[in-house]
Amino acid sequence: MTSYIARRLLQGALVVVGVITIVFFLVRVSGDPATYFVSLDPDKTPADIQLELVEIRKSLGLDRPVIIQYFLFVQVAIRGDFGNSFRYHIPATRVVLERVPLSLKLGGAAAVIGVGVGLPLGIAAALKRGSMIDSVSTTIAVLGLTVPGFWLGIMLIILFAVKLHLLPAAGSESWRHLILPALTQSAGLMAVVARMGRSGMLEVLGQDYVRTARAKGLSERLVVFRHALRNSMISLITVVGSSIPHLVGTIVIVEVVFAWPGLGSLMMQSVFSRDYPVIMLGVLFMSVITVVVFIIVDVLYAIVDPRIRYR
Amino acid sequence: MIKSYVQLRAKYRAARNDDVPFESPSEVRPMNHGIRRLSAACRILTVGVVLLFAAACGGGETIVERTVVVEKQVPVQQTVVIPQTVVVEKQVPVVQTVVATVEKIVTPTPPPAKAVKLQVALGALPVNLLGGAMPSQQDRIISTLMYDSFATRDQNGDGPLTPLLGSWTFDGKTVRVKVKNGVQFHNGEKLDAAGTKAVIDYLSSGKTAKFAFTYTRFRDFDLIEVADNSTIDFRLKTPIAFWVIPFRDLFALAPKHLENVGLDGYSDQPVGTGPFQFVQWKRDDSLTLRKFSGYWGQKPVVDEITYRHMPEAAVRIVALEAGQIDIAAFIPPQEVPRLLSKNFRVYTGDSFQTQTVWLDAGRKSVELKDKRVRQAMLYAIDSQGIFNSIVGGYGSFGEGQLSTSAAFGYNPDVKQYPYDPKKAKALLAEAGYPNGFKIKGSATTGRYFRDREVMTALAAQWKQVGIDVEMETPESAAWLQALINNALHPIYNIGMNWGPEDPVSNNRTINERGDPKFTEMANTIRATTDDTLRAKLMRDAIAYANEEAHAWWGYTVPTVYGMKNGLPLITFGKGFEMFIPAASP
């Protein structure tokens, strides 16, 4: 197992390097960040502006061929130096690290809510197939999958902040600020977990070993939680694992709607202002999170299903 | 078929029976029992979630934990009725009425009984807190509270610049600035001449290009020297009329602190001489300022301000309605009536930025080289209708010139071209385009107040007289890049900043559009130091630019703020400054 994890980590590192490389070249196609720093002083002639642009590009290291820029970037990035943010004029590492904890907090809360609510809902729906709880679960799942995050966010704000005055509309100061964005962010995951939990559980409940378990007189609680649930976990872990990158991707919308100053909103601002160093570091963080989650999912397979052994 | 259906149904039932409790020995609990347990667990979970929300409520009605106590002011409520014309597809004007409430204070704001703390939501927070580093709206709002500049506009922003941190004399060549005595920085340093010169030298050095936008304005001076502890002389290279402008943007920085921490450190720990001092800054999240007890001027009535970053206007509005914030900046005009109806105060103001649509920018269009075509385009615009309907009547209606009556050199004889489609068609026919022509335009989207909507309306009205403008709306960054590369289409919009002391300098960009006569006029104005003569020259230049129909100067960009009732009477300047009433001594 250890060698397997080490091998997966190495593969993951290669994936991250690949992603970083692609993003490096892609953002440079998007345009020239120097234009953001040139001052449109009315006294300046177009020739003055062009001269200033040349100076700015030089100071940002953008005057060299892109391939040289790439190797220089790799050279310093290995040492953990991603350069200064073009927008904030401070190290990009500092800018990103200020945001990462907030995004982890939001993403973590959303994952807990998504799994914590979605899974019981899915199990209950499977156990009472065709009942009211099944219909409610299906409705919630369909809504969670189809309702856009920004709309749901605004609706929750209107209901809980404006109408009921229960929760703050935006910001990140306290745990109360976390509830609405986390609920919004978790909606999709909750829906997927509920649906997959239900179908996985239904499939397992029809298996012979479940019938055997019942036949030997085990209590329904044991049948469900020890035999059925554990075996339905593999498909669920796959779904939850593959939902994490989606969670990371959609966090941008939720962070913007709730003015949550996390990595997602930072990435959006950085893309708009072509803040290359922050974009690169942000992408690095997001790809590392994704790769690590996939490795954890693989390891969990082995824990949940003893038949799976990695070599 | 029936048989197979029956078989299928039997199969289905058999499958379902897996869920149904089967005959079991008496000691084995039936399955229904388990389901009931699970169901009970779900119910408990649901109750738990509900309880969690109930706990989140904290039993409180409001989420704002501070108390804002302001003794009752004596406002005079005036009702201003703004007639508004909306042009619909068939060009049938519909008159609407927008009722705005304007408050005017009669007596000074009495001192509050308790500490007043404000929460203000802005669409963006500054990315740098070094005074005057970046000429953005949000920078102006916050910089002007933390820092003092050497020259300032009056409260309305209409008057000429006056000295703030001292006094000055000008002999036509040299500006002698006497620095105000007794001005203290937030860190205890004292303002003096040597320190001020050191700061200007440091920031003008060229090594600090990333922050030095405003300091490039000192390039008109070839010598800056300290005469004594409180006197600095600024010698002009050549006499110019606008020598005072650099002092408007010169914020006093603490020289020792700047030397110790450098520019980046200064941005993290800003120190000024303004009425508020820095407390905390969470990048793109919040920024807190507290009243500076050692402020040399009148102390503000507000004790603490926290600016919050809320990029979406809709979120700012709901946060205001929810009581989470006290002031929401840049409210869309369509939201104003709703906020007023819910007993919020709405401040609508003007700015020194005029939405300008250049015609024939860069001399790229054959058709627009003809003055008659440009004039036809202006006659084809229902400027008042656009201002009233799309802009909501906020800001100031464009008077056919870049500035408004607030500006020095304003020409009252110049007016917006009247809406006259027939005349527009006649002029086009005279110019050899009886059937109109096709041309391309570039519109910003979201960069300026209601920009895309206005440009769309313009294109529709030009279409009415036969000019088919294919309007492109590039993304903001792409637009900016195209502007710098002179790659925008011949027709494009831009917010042109101006100052009441210098309303034509930005008009010099017409120079780039190849009008040598206007260039000559602008240069003469710049070199004319006699105010009376300069005002006349400005009026002439403005009349000339209007006659040449170089641009449509539509309206000044409005500032619209929503705020809770009962706050101190906060207003906003045309340069986006936040004016807070002074506390009674």
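For the structure itself, consult the block above.
What counts as what
- Residues numbered from 1 in each chain as written.
- Chains lettered and ligands numbered in written order.
- Predicted model: local features only at pLDDT ≥ 70, side-chain atom pairs only at ≥ 80, totals over all residues.
- Heavy atoms only, no water.
- Helix = DSSP H or I, 4+ residues; strand = E, 2+ residues; numbered from the N terminus.
- Buried < 20%, exposed > 50% of the residue type's maximum accessible area, 1.4 Å probe, protein only.
- Contact = heavy atoms within 4.5 Å.
- Areas by Shrake-Rupley, 256 points an atom, 1.4 Å probe, with all protein chains shown as cover.
- Lys, Arg positive; Asp, Glu negative; His and termini not counted.
- Charge placed at Lys NZ, Arg CZ, Asp CG, Glu CD.
- Pairing = 2+ DSSP bridges.
- Expected span 1.5 Å × (residues − 1).
- Polar contact = N/O pair within 3.5 Å; in protein donor to acceptor, adjacent residues only side chain to side chain.
- Axes fitted to C-alpha atoms, helices over the stretch in contact; angles between N-to-C directions.
- Core = buried A, V, L, I, M, F, W, Y, C linked by side-chain atoms within 4.5 Å.
- Domains from an automatic or database assignment.
- Arc of directions from axis to C-beta.
- Parallel < 35°, antiparallel > 145°, perpendicular 65-115°, else oblique.
- Left-handed = near helix turned anticlockwise from the far one by under 90°.
- Nonpolar A, V, L, I, M, F, W, Y, C, P; charged D, E, K, R; others polar.
- Phe/Tyr/Trp six-rings, centres within 6.5 Å; stacked < 30°, edge-to-face > 60°.
- Lys NZ or Arg CZ within 6 Å of the ring centre and 35° of its normal.

A.B. asks: Outline the overall build of chain A, listing residues and values.
C.D. replies: When you go through chain A residue by residue, the secondary structure sums to eleven helices and zero strands. Its helices and strands taken in sequence order, chain A reads α-α-α-α-α-α-α-α-α-α-α from the N to the C terminus. Across its three principal directions, the C-alpha atoms of chain A cover 85 × 55 × 30 Å. Burial statistics for chain A: of 311 residues in total, 50% are counted as buried. When contacts within chain A are restricted to residue pairs at least 6 apart in sequence, those whose partners lie at least 24 apart make up 72%. Only carbon and sulfur atoms are counted for the fraction: they give 71% of the accessible area of chain A, which is about 14100 Å². Separation between the mean location of the 28 positive side-chain charges and that of the 18 negative ones in chain A comes to 15 Å.

A.B. asks: Quick rundown of the overall build of chain B? Include the residues and the values.
C.D. replies: Of regular secondary structure, chain B possesses 15 helices and 22 strands. A total of 585 residues make up chain B; the buried ones form 54% of that total. Sequence-distant contacts, at least 24 apart, represent 70% of the contacts inside chain B between residues at least 6 apart. Summed over its atoms, the accessible surface of chain B is roughly 25600 Å², and 53% of this surface lies on carbon and sulfur atoms.

A.B. asks: Before we move on, can you summarise the pairing of strand β7 (residues 174-179) of chain B with the specific residues and values?
C.D. replies: All names here are of chain B. Two strands pair when backbone bridges link them, and strand β6 (residues 166-170) and β7 are joined in this way by five bridges, in the antiparallel orientation. Across the sheet, the residue bridging to W168 is V177, located in β7. The turn joining β6 and β7, which pair antiparallel and follow one another in sequence, is formed by three residues; a positive phi near 95 degrees is taken by G172.

A.B. asks: Talk me through the environment of A459 of chain B; I want residue IDs and the actual numbers.
C.D. replies: Residues and elements named next belong to chain B. One can find A459 in helix α12 (residues 451-464). Note on A459: relative accessible area 13%, which makes it buried. It is 7.1 Å that separates the C-alpha atoms of A459 and M471, two residues lying twelve residues apart in sequence.

A.B. asks: Which residues make up helix α4 (residues 193-204) of chain B, and what are the values?
C.D. replies: Residues and elements named next belong to chain B. With twelve residues, α4 extends 16 Å from end C-alpha to end C-alpha; this agrees with the ideal 16 Å at 1.5 Å per step. Where α4 is concerned, the buried positions are A193, G195, T196, K197, V199, I200 and L203. Its buried side turned inward, α4 meets β7, β8 (221-228), β9 (231-236) and α6 (255-268). Where α4 begins, the side chain of D192 points an oxygen toward the backbone nitrogen of G195, at a separation of 2.8 Å.

A.B. asks: Let's hear about the sheet that holds β6 of chain B: which residues, and what values?
C.D. replies: Residue and element names in this part refer to chain B. Pairing is antiparallel across the open sheet formed by four strands, whose spatial order is β6-β7-β9-β8. Each edge of the open sheet is held by one strand with a lone partner, namely β6 and β8. Between one strand axis and the next, the sheet turns by 20 degrees as a mean value, whatever way the strands run. The sheet contacts of α4 involve β7, β8 and β9, and relative to β8 the element is tilted by about 155 degrees.

A.B. asks: Please provide a residue-by-residue account of the nonpolar core, values included.
C.D. replies: F234, F247, I305, Y307, I327 and M578 of chain B are the most contacted members of the largest nonpolar core, which has 98 residues in total. When residues of this core are assigned to their parent elements, the largest contribution, five residues, is made by helix α13 (residues 476-484) of chain B. Mapping this core onto the domain boundaries places at least three of its residues in each of domain 2 (147-274) and domain 3 (353-557) of chain B. Leave out the neighbours within four places in its chain, and I327 of chain B touches L118, Q119, V120, A121, L320, Y561, G562, M563, L567, I570, F572 and M578 of chain B. Counting 59 residues, the second-largest nonpolar core is a separate cluster that includes L263, V278, M280 and V297 of chain A.

A.B. asks: Summarise helix α5 (residues 132-146) of chain A; cite the residues concerned and give the values.
C.D. replies: Residue and element names in this part refer to chain A. Taking 1.5 Å of rise per residue, 15 residues should cover 21 Å, and α5 covers 21 Å from first to last C-alpha, within 8% of that figure. All of the buried residues along α5 are D134, S137, A141 and G144. Taken down its axis, α5 places every buried residue within 100 degrees of arc, on the same side. Turned more than 90 degrees away from the buried face of α5 sit M132 and T146, all of them exposed.

A.B. asks: Describe the packing of helix α4 (residues 92-127) of chain A against α5 of chain A, and please don't skip the residues or the numbers.
C.D. replies: Residue and element names in this part refer to chain A. As a packed pair, α4 and α5 sit with axes 8 Å apart at the nearest point and diverge in direction by 140 degrees. If you check the angle between α4 and α5, you find them oblique. Two packed elements cross with a definite hand, and for α4 against α5 that hand is left-handed. The residues of α5 that touch α4, namely those facing L121, A124 and A125, are I133, D134, S137 and I140. Classifying every residue of the contact of α4 with α5 gives five nonpolar, one polar and one charged.

A.B. asks: Tell me about the sheet that holds strand β11 (residues 286-291) of chain B, and please be specific about residues and values.
C.D. replies: Strand order in this open sheet of seven strands is β10-β11-β12-β3-β13-β20-β14 (chain B), and the pairing throughout is mixed. Since the sheet does not close on itself, it has two edges, and those belong to β10 (276-282) and β14 (345-349) of chain B, each with one partner.

A.B. asks: Lay out the packing of aromatic side chains with the relevant residues and their values.
C.D. replies: This model, assessed by the stated rule, comprises 23 aromatic pairs over all chains. Considering the side-chain rings of F221 of chain B and F234 of chain B, the 5.6 Å spacing of their centres and the 65 degrees angle between planes classify their relative orientation as edge-to-face. Taken together, the positions of F221 of chain B in strand β8 and F234 of chain B in strand β9 put the pair 13 residues apart, joining distant regions of the chain. Residue classification places F234 of chain B among the buried positions, given a relative accessible area of 1%. Taken together, F24, F25, Y70, F71, F73 and F82 of chain A form an aromatic cluster joined through their ring pairs. Seen from the ring of F24 of chain A, R28 of chain A lies directly overhead, with NZ or CZ sitting 3.7 Å from the centre.

A.B. asks: Could you give an account of the packing of helix α9 (residues 220-257) of chain A against helix α11 (residues 276-304) of chain A, naming the residues involved and the relevant values?
C.D. replies: All names here are of chain A. Two elements in contact, α9 and α11, have axes separated by 9 Å at closest approach and are oriented at 180 degrees. Here α9 lies roughly antiparallel to α11, going by the angle between them. Residue-level inspection shows R230, M233, I234, I237, T238, G241, S242, I244, P245 and V248 of α9 in contact with α11, the latter providing M286, I289, T290, V293, F294, V297, L300, Y301, I303 and V304. When grouped by side-chain class, the residues that make up the contact of α9 with α11 number 15 nonpolar, four polar and one charged.

A.B. asks: Could you give an account of unusual backbone geometry, with specific residues and numbers?
C.D. replies: All names here are of chain A. Of note, the phi angle at H165 is positive, near 55 degrees, even though the residue is not glycine. By the secondary structure assignment, H165 is in the loop between α6 (149-163) and α7 (175-205). Residue H165 is classed as partly exposed on the basis of its relative accessible area, which comes to 24%. A positive phi angle is found at A259, which is not glycine, with a value near 50 degrees. Inspection of the secondary structure assignment puts A259 in the loop between α9 and α10 (263-272). On the basis of relative accessible area, A259 is assigned to the buried category, the value being 6%.

A.B. asks: Describe in detail the side chain of R308 of chain B, supporting the description with residues and values.
C.D. replies: Note that R308 of chain B resides in strand β12 (residues 304-309). For R308 of chain B, the side chain forms a polar contact with the side chain of Q119 of chain B, separated by 2.6 Å. Residue contacts for R308 of chain B: discarding those within four places in its chain leaves E173 of chain A together with Q119, V120, A121, L122, L125, D285 and S286 of chain B.

A.B. asks: Tell me about the environment of R447 of chain B, and name the residues and values.
C.D. replies: Residues and elements named next belong to chain B. Here R447 is to be found in the loop between β16 (437-442) and α12. Taking the C-alpha atoms as reference points, R447 and W479, 32 residues apart in sequence, are found 9.7 Å from one another. If sequence neighbours within four positions are ignored, R447 has contacts with S476, W479 and L480.

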